[in-house]
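Residue strings, one per chain:
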Amino acid sequence: MRLMSVTLVVLIALVLVPARASAEPKPYMIHGGVGFVKALNDNAPDGSIGLHGGLIYRLQNSPQVGIGAEFGYYMLGSESYSESDFYGNYVEVEADWATYPILGEIYFFVTPRTSTPYLVGGLGLYPLKVSVDAAASYNGYGGSASGSETETNMGINGGLGFLFGRPGAQLRFGADGRFHIIMTEQESTQLIALMGRIFF
């Protein structure tokens, strides 16, 4: 009888200890996401797809706080202009905007649970690239040209997200929205980024 009691205690311990350990948040998380990004300035393009990923390290002394290094690829959309006349003369111009943010972030996670809200904010470099393709024809003579220009500026961002799944699980899902301000000349460029994420 005593042997049976000891065996039962050992079995319970073997079940509870891993379960408790798996409930603890992992110190490192790799994440990747895809979503929608749009510039909010006047006359900005309609927006397009954005990709975003990075690494988060949760402080051991304060696991609610995380430090992240992240990289993104945001396609901000395109604009086109064309004009032609009765004689077949025409001008066509198309411009595409994109930015590739390189960011340092600070996360604040609420007490770990199946659905964990978090605040995120940070700063970094935002290379902003404009690619232009143009074609024209006049009196039977025509041609085309293309080119691009990249300008890098500092920027800041902040937002709110949710992390779904059991704390300590190998795979979790999340979503967040962030507001970005890029310190471009004359007028700052403002972006909104809505992302669905996978955390490993």
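This text gives an overview of the structure that appears in the document. (Residues numbered from 1 in each chain as written. Predicted model: local features only at pLDDT ≥ 70, side-chain atom pairs only at ≥ 80, totals over all residues. Heavy atoms only, no water.)

## Digging into the packing of aromatic side chains
Given two aromatic rings, one states the distance between the centres and the angle between the planes to describe the pair.
Then, in step 1: On inspection of all chains with the given rule, the structure shows 6 aromatic pairs.
Then, in step 2: Between Phe-109 and Tyr-118, the aromatic rings sit 5.5 Å apart at their centres with planes inclined by 50°, giving tilted as the arrangement. The pair formed by Phe-109 and Tyr-118 is uniform in burial state, with each residue classed as buried.
Then, in step 3: Members of the aromatic cluster, each reached through a chain of ring pairs, are Tyr-107, Phe-109 and Tyr-118. (Phe/Tyr/Trp six-rings, centres within 6.5 Å; stacked < 30°, edge-to-face > 60°. Buried < 20%, exposed > 50% of the residue type's maximum accessible area, 1.4 Å probe, protein only.)

## Quick notes on unusual backbone geometry
Then, in step 1: One non-glycine residue, Asn-43, lies in positive phi territory at about 65°.
Then, in step 2: Along the polypeptide, Asn-43 turns up in the loop between strand S1 (28–39) and strand S2 (48–58).
Then, in step 3: The phi angle at Gln-186 is positive, at roughly 65°, despite the residue not being glycine.
Then, in step 4: As for its placement among the helices and strands, Gln-186 is situated in the loop between strand S8 (172–182) and strand S9 (189–199). (Helix = DSSP H or I, 4+ residues; strand = E, 2+ residues; numbered from the N terminus.)

## Here we look at the pattern of salt bridges
Then, in step 1: Going through the model one piece at a time under the given rule, you end up with 4 salt bridges.
Then, in step 2: Between Glu-105 and Arg-178 there is a salt bridge whose closest N-O contact spans 3.6 Å. Of the two residues, Glu-105 is situated in strand S5 (residues 102–109) and Arg-178 in strand S8; the sequence distance between them amounts to 73 residues.
Then, in step 3: Judged by relative accessible area, which is 2%, Glu-105 ranks as buried.
Then, in step 4: Where Arg-197 meets Asp-176, a salt bridge forms, and the shortest distance between an N and an O atom there is 2.6 Å. With a gap of 21 residues between them, Arg-197 in strand S9 and Asp-176 in strand S8 connect regions that are remote in the sequence. Across the pair, Asp-176 and Arg-197 agree in class, each one buried. (Salt bridge = Lys/Arg side-chain N within 4 Å of Asp/Glu carboxyl O.)

By themselves, these observations are geometric and do not establish any function.
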